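Next come the chains, spelled out residue by residue.
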Amino acid sequence: MHIEESVKLDFKDVLIRPKRSTLMSRSGVDIRREFVFHHSGRHYHGIPVIAANMDTTGTIEMALALGAQGLSVALHKHYPEDELIAFFQSLQHGKLKASTAFYSMGIGKADYEKFAAVMARAGDAIEYVCIDVANGYSEVFVHFVKKIRASFPQLTIMAGNVVTGDMTEELILAGADIVKVGIGPGSVCTTRKMTGIGYPQLSAVIECADAAHGLGGQICADGGCSVPGDLAKAFGGGADFIMLGGMLAGHDECAGDIVERDGKKFKRFYGMSSRTAMEKYAGGVAQYRASEGKEVLVEYRGPVTDTLQDILGGVRSACTYVGAHKLKELTKRTTFIRVTQQLNEVFGKS
Ligand code: 5GP
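Residues numbered from 1 in each chain as written. Predicted model: local features only at pLDDT ≥ 70, side-chain atom pairs only at ≥ 80, totals over all residues. Heavy atoms only, no water.

Before going further, it helps to spend a moment on the site of the ligand. For the ligand, the set of nearby residues contains 20 residues, the closest of which are S187, T191, D222, S273 and E292. Contact distances for the ligand include 2.5 Å between an oxygen atom and a side-chain N or O atom of S187. At a separation of 2.8 Å, an oxygen atom of the ligand approaches a polar backbone atom of G246. With the chains in place, 89% of the 520 Å² that the ligand exposes on its own is no longer accessible. Among the residues forming the shell around the ligand, the class breakdown is 6 nonpolar, 12 polar and 2 charged. (Near = heavy atom within 4 Å. Polar contact = N/O pair within 3.5 Å; in protein donor to acceptor, adjacent residues only side chain to side chain. Areas by Shrake-Rupley, 256 points an atom, 1.4 Å probe, with all protein chains shown as cover. Nonpolar A, V, L, I, M, F, W, Y, C, P; charged D, E, K, R; others polar.)

The tally for this structure, following the rule as stated, stands at 13 aromatic pairs. On the basis of an interplanar angle of 65° and a centroid distance of 6.2 Å, the ring pair of F87 and F88 is categorised as edge-to-face. Judged by relative accessible area, F87 falls into the buried class, the value being 6%. The class of F88 is buried, set by a relative accessible area of 1%. An aromatic cluster is defined as three or more aromatic residues linked by ring pairs; in this entry it consists of F35, F37, Y44, F102, Y128 and F241. Note that K147 overlies the ring of Y112, its terminal NZ or CZ placed 4.0 Å from the centroid. (Phe/Tyr/Trp six-rings, centres within 6.5 Å; stacked < 30°, edge-to-face > 60°. Buried < 20%, exposed > 50% of the residue type's maximum accessible area, 1.4 Å probe, protein only. Lys NZ or Arg CZ within 6 Å of the ring centre and 35° of its normal.)

Here we come to helix α7 (residues 201-214). Between the first and last C-alpha of α7 there are 20 Å, a value that for 14 residues agrees with the 20 Å anticipated at 1.5 Å per step. Along α7, the residues classified as buried are Q201, L202, S203, A204, V205, C208, A209, A211 and A212. Backbone geometry just after α7 places G216 at a positive phi near 85°. (Helix = DSSP H or I, 4+ residues; strand = E, 2+ residues; numbered from the N terminus. Expected span 1.5 Å × (residues − 1).)

A few words on a negative patch on the surface. Residues E139, D166, E169, E170 and D210 make up a contiguous surface patch of negative charge. Considering each element in turn, the negative patch owes the most residues, 3 residues, to helix α5 (residues 165-174). Relative to the helices and strands, E139 is located in helix α4 (residues 139-151). You can call E139 exposed: its relative accessible area is 61%. (Patch = residues over 30% accessible without salt bridge, like charges linked within 9 Å, V, L, I, M, F, W, Y side chains within 5 Å. Salt bridge = Lys/Arg side-chain N within 4 Å of Asp/Glu carboxyl O. Lys, Arg positive; Asp, Glu negative; His and termini not counted. Charge placed at Lys NZ, Arg CZ, Asp CG, Glu CD.)

Next up on the list: the pairing of strand β7 (residues 128-132). With respect to burial, β7 is a largely interior element, 4 of its 5 residues being buried. Where strand β6 (residues 101-105) lies against β7, 3 bridges are found, and the strand directions are parallel. Across the sheet, the residue bridging to M105 is I131, located in β7. In terms of strand pairing, β7 meets strand β8 (residues 156-162) through 5 bridges, oriented parallel. Bridging from a neighbouring strand, I131 pairs with A159 of β8. (Pairing = 2+ DSSP bridges.)

Taken in spatial order, the 8 strands line up as β4-β5-β6-β7-β8-β9-β10-β11 and close into a barrel, and their pairing is parallel. Strand-to-strand twist across the sheet, computed as the mean angle between neighbouring axes with direction ignored, equals 25°. The strands touched by α7 are β9 (178-181) and β10 (218-222); relative to β10, the strand with the most contacts, the crossing angle is about 170°. (Axes fitted to C-alpha atoms, helices over the stretch in contact; angles between N-to-C directions. Contact = heavy atoms within 4.5 Å.)

Strand order in the open sheet formed by 3 strands is β12-β13-β14, and the pairing between neighbours is antiparallel. This sheet does not close on itself; its edge strands, each paired only once, are β12 (258-261) and β14 (295-299). Direction aside, neighbouring strands of the sheet carry axes that sit 45° apart on average. Bridge count between strand β13 (residues 264-270) and β14: 5 bridges; the pairing is antiparallel.

Pasting the structure below:
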């Protein structure tokens, strides 16, 4: 047994110190980023925010809405092959960029076979893939990333999830361009409760970004953002991309019907390891495992565009407070202050 004594931080533990700035207005802030990916060599230019590959948020409808503004969606893996192919091919001829959508997969045999079939039929339409497992520390996962990289050198591969620098390096060396970071911070995740495993998300981002950047790779901070300021903190801590689930839930573009309770409208949102998801896709919770996600009702929020404006407006404003003309400059202009209080809640929590 070992105890790590250094302080590890969550978004709630810090604020960003304002700095003298020559920026006149948040409209002068460019929140797009450009990257040339380490392995694929492909060029990316967009707003580096990605809707999570959950079957509620990682939808084609979400991709159309987010893609129109330069953001991305990791499409959930439960779409039928033909629908995925038709959508990715539509990106080749339409106005949306290839970075609009990531193809997502797990590392099971069925995942690989479906992916191989899709690539055989529409390989030139797919540029971005997300290889996603709950526990990115397993050897089979690293082997799987190596196998995909060897077979498809042209793909930009995002892989995860991990929370430490050593494993970030290992995944980049195995072929990942972007390492997805986060174990346990998600809004509908119960991993920490069920297993005791996890890592404070802001420190995970800071440490993994440092490791990835040293090798020319990128990271995606996945999970735990609950307000726009958390995105500013994740970018400030070094995140190149941010993945959002809960903050994008409850919108028209999310899968699922509107549910009414006491005259109010809601949409269901649940973890992909929740009982709900396992019953939907795996015929129930297998006897050897426990659910590591929960289901919630999120108040219905209409079209996602208004929420996006809030989120991106918050990030732009954070940049003006520290004098960052571009999102790229935010990290070097960020000084985190440790705090014991975030908000004044005298009038409630919202
Ligand atoms: P959020 O933005 O809602 O805080 O976090 C979204 C992330 O939570 C997803 O991208 C994914 O990494 C994680 N997640 C989604 N479903 C589950 C689940 O059932 N269990 C766990 N442990 N994590 C989940």
